[in-house]
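Next come the chains, spelled out residue by residue.
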Amino acid sequence: MSDMEMAREYYGRFLGFDEAFSYPSPLGTVVSFKINDRQFLEFIVDKQAKQKKRLVSLSLETESVPEMRRYLQSQGMDVSQCITDGAGNEVIVTQDAAGNKIEFIDLKANGLHRKSKGIFLSENRISKRIHHTGLYAKSIDEQDPFWVKVLKCKEIVRYPLDKTQPGVIQYLGLVNCTENIEHYSPCDENFGHPCFLVEDMQETIYTLKERRNGQTINQPSIGRTKRWLLNLLTPDNTKVEFTEAYCIK
C-alpha cells in the first residue's frame with residue numbers, strides 16, 4: 001500500500017473495518033484490518049506499491065505448518081523454510097501455477113491475531129465475512145495442479161456449464177470450510193480481490209452512499225451465479241467486491 005492514510009480512509013472509515021495492529025516483515029510494516037476473528041485484510045507499507053502486483057499473498061490457516069510443509073514437498077512443491085513472522089505466527093510460503101504467493105499459517109495463541117479475539121470488531125463494518133478471494137489465473141483448469149490436485153479443492157460451479165467450452169469463471173471450495181477461491185479468465189495480475197458477504201445489497205449501497213465522501217460507487221449487477229454483485233475500485237485501483245448470500249428470485 002503506497003498510501004496508508006488512503007487505506008485507513010477507505011477500509012477503515014468507508015468500509016468500517018477496525019485497524020487492529022501492525023507488525024514488521026521483510027517487505028515492510030504490515031498493517032492489519034480485522035474482518036472477524038478468523039479473517040484479516042493486511043497491507044504492506046510500500047511507497048512503490050502502485051508499480052507492483054497488488055496482491056502480495058493469500059494466507060490459509062493450517063493446524064501444523066511442519067506437517068503441511070512436508071506434505072507440499074511430497075507433492076513436488078517448492079516451499080519456503082518455516083519462520084515465525086512479526087505477529088508471532090508460524091508461516092511457510094509457496095505459489096500456485098499462476099504465480100500467486102500462498103501462505104500457510106498457524107495462528108499461535110500468543111500471536112497478535114489470536115490475541116485480538118473478540119476485539120477490533122466495529123459495528124460499522126460493512127461486512128462480517130469474506131465470502132471468497134478472487135485470484136489471477138492464466139486459464140480455467142479443472143485439473144489445476146495446485147488447487148485441485150495438491151489442496152484437493154472441489155469445483156463448486158464453473159461457467160459455461162458446458163465443459164466442451166473454455167471456462168470463463170470457476171469457484172473452488174476449500175476443504176472443511178465454506179470460503180472459496182474464484183478464478184476468472186481472461187484477467188490480469190491485479191484481478192486479486194476480497195469479496196465481502198452482505199445480507200442486503202440495497203442496504204449496503206445506501207450505507208456506502210452515506211459514507212462515501214467522494215468515493216465512487218458503481219452500479220450493482222447480477223452475476224453469473226445469479227446473485228447481486230457490487231464491484232468497486234479503491235483510489236489506487238484495487239478491486240473490492242460485495243455479494244449477497246442468496247440467488248435472486
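Calculation rules
- Residue positions within a chain follow its written sequence, with the count starting from 1.
- With pLDDT at 70 or above as the cut-off, local features in this predicted model cover only qualifying residues; side-chain atom pairs require 80 or more to be listed or tallied, and sums for whole chains, interfaces and linings still use all residues.
- Hydrogens and water are ignored here; the side-chain numbers use all heavy atoms of the structure.
- Throughout this description, buried means an accessible area under 20% of the type-specific maximum (1.4 Å probe, protein chains only), exposed means over 50%, and partly exposed covers the range between.
- In this description a helix means any DSSP run of H or I spanning at least four residues, a strand means any run of E spanning at least two, and both kinds are numbered starting from the N terminus.
- Any two strands are treated as partners once DSSP identifies two or more bridges connecting them.
- Between rings of Phe, Tyr and Trp, where Trp is taken as its six-membered ring, a pair exists when centres lie within 6.5 Å; planes separated by under 30 degrees are stacked, by over 60 edge-to-face, and by other angles tilted.
- In what follows, residue pairs with any heavy atoms lying within 4.5 Å of each other are defined as contacts.
- Lines fitted to C-alpha atoms define the axes, with helix axes restricted to the stretch in contact, and inter-axis angles between N-to-C directions lie between 0 and 180 degrees.

Draft legend 1. Representation of the pairing of strand 8 (residues 130–136) within the structure. Counting buried residues along strand 8, seven of its seven residues qualify, which places the element largely inside the surrounding structure. Judged from the four bridges that link them, strand 8 and strand 12 (residues 193–198) form a sheet pairing that is antiparallel. Across the sheet, residue Thr-133 finds its bridge partner in strand 12, namely Pro-194. The sheet contact formed by strand 8 and strand 11 (residues 180–184) spans five bridges and is parallel. Pairing of His-132 across the sheet is with Asn-180, part of strand 11.

Draft legend 2. Representation of the packing of aromatic side chains. For the coordinates displayed, the defined rule picks out eleven aromatic pairs. Taken together, the ring pairs connect Tyr-10, Tyr-11, Phe-14, Phe-33 and Phe-43 into an aromatic cluster.

Draft legend 3. Looking closely at the sheet that holds strand 7 (residues 101–106). On the basis of which strands lie adjacent, the open sheet formed by four strands has the order 4-7-6-5 and mixed pairing. Both edges of this open sheet fall to strand 4 (58–61) and strand 5 (83–84), since each of them pairs with a single strand only. Of the strand pairs in this sheet, strand 5 and strand 6 (residues 90–95) are connected by two bridges, and their pairing is antiparallel. Residue pairing in the sheet places Ile-83 in a bridge with Val-91 of strand 6. Against the sheet, helix 2 (residues 65–74) engages strand 6 and strand 7, with an angle of about 20° to strand 6.

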